[in-house]
Amino acid sequence: MHKQRTVRVAVVVLAAMTAFGCSGGSDDKSGGASSQEKPVAAAPVAPAPSRVAPSTFGEGPASAAPAAKAPKLIKLPKVAGENAAIAEDQLRRLGFTNIRLNSSGGGKVGERTAEWTVKKVSPKAGKKLKAGALIVLTCTRI
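Now for a quick tour of the structure. (Residues numbered from 1 in each chain as written. Predicted model: local features only at pLDDT ≥ 70, side-chain atom pairs only at ≥ 80, totals over all residues. Heavy atoms only, no water.)

**What about the overall build of the chain?**
Now for step 1: A count of helical and extended segments in the chain gives 2 helices and 5 strands.
Now for step 2: When the helices and strands of the chain are placed in sequence order, the string is α-β-α-β-β-β-β.
Now for step 3: The buried share of the chain, reckoned over its 142 residues, is 18%.
Now for step 4: In the chain, 63% of the contacts between residues at least 6 apart in sequence involve partners at least 24 apart. (Helix = DSSP H or I, 4+ residues; strand = E, 2+ residues; numbered from the N terminus. Buried < 20%, exposed > 50% of the residue type's maximum accessible area, 1.4 Å probe, protein only. Contact = heavy atoms within 4.5 Å.)

See below:
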């Protein structure tokens, strides 16, 4: 208990010295701070959290976030009758990413697409599709 009282007294004395500008070791006879001492700025204090709801001034339908844009649709060109390698390249340049090449016998076309001709396209040419839509090119060997 005696320690707590000593600590309280020390805190009060320190606070009083700070409040009245006592400098403890100043040689200045006038009792004030020496002209060489620089004032110490008080530490910034963070504002207390507000319990008031944020303002909605200026918000409303006119300033609402824009709606997400619909994905771009790409028109599927006519590639039936083309060389399979050329047709696939043309579709990829337009932005299509999911292209499957099948043989007319039902299997997949190998890596040598230049040896194949597109006979059928699914979906039909002229249809507007998303870039990731599946496009199946049915081909026959030249």
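**So, the pattern of salt bridges**
Now for step 1: Across all of its chains, the model carries 4 salt bridges by this definition.
Now for step 2: The partner of aspartate 89 in a salt bridge is arginine 93, with the nearest N and O atoms 2.9 Å apart. Of the two residues, aspartate 89 and arginine 93 are both situated in helix α2 (residues 84-94); the distance of 4 residues between them amounts to about one turn of the helix.
Now for step 3: Note on arginine 93: relative accessible area 69%, which makes it exposed.
Now for step 4: The salt bridge partner of glutamate 115 is arginine 141, with a shortest N-O separation of 2.7 Å. Highlighted residues: glutamate 115 in the loop between β2 (98-103) and β3 (116-122) and arginine 141 in strand β5 (residues 134-141), separated in sequence by 26 residues.
Now for step 5: We classify glutamate 115 as partly exposed; its relative accessible area is 27%.
Now for step 6: In the salt-bridge network here, residues are joined through shared partners; they are Arg112, Glu115 and Arg141. (Salt bridge = Lys/Arg side-chain N within 4 Å of Asp/Glu carboxyl O.)

**Focus on the side chain of threonine 117**
Now for step 1: Summarising the element assignment, threonine 117 is placed in strand β3.
Now for step 2: With relative accessibility at 18%, the residue threonine 117 sits in the buried group.
Now for step 3: Not counting residues within four places of it along the chain, the set of residues in contact with threonine 117 comprises Gly81, Glu82, Ala84, Thr138, Cys139, Thr140 and Ile142.

**Some remarks on the sheet that holds β3**
Now for step 1: Here we have 3 strands laid out as an open sheet, ordered β2-β5-β3, and mixed in their pairing. What marks the edges here is a single partner per strand, and that holds for β2 and β3. Across the sheet, the mean angle from the axis of one strand to that of its neighbour is 30 degrees, orientation sign disregarded. (Pairing = 2+ DSSP bridges. Axes fitted to C-alpha atoms, helices over the stretch in contact; angles between N-to-C directions.)

**Re the nonpolar core**
Now for step 1: Of all hydrophobic cores here, the largest spans 17 residues; its most connected members are Phe96, Ile135, Leu137 and Cys139.
Now for step 2: The residues contacting isoleucine 135, other than those within four sequence positions of it, are Leu76, Leu91, Phe96, Asn98, Ile99, Arg100, Val121, Ser122, Pro123 and Leu129. (Core = buried A, V, L, I, M, F, W, Y, C linked by side-chain atoms within 4.5 Å.)

**Quick look at the pairing of β5**
Now for step 1: Alignment of β2 against β5, held across 6 bridges, turns out to be parallel. Looking at the pairing, asparagine 102 lines up with threonine 138 of β5.
Now for step 2: Where β3 lies against β5, 6 bridges are found, and the strand directions are antiparallel. Counted as the bridge partner of valine 118 is cysteine 139 from β5.

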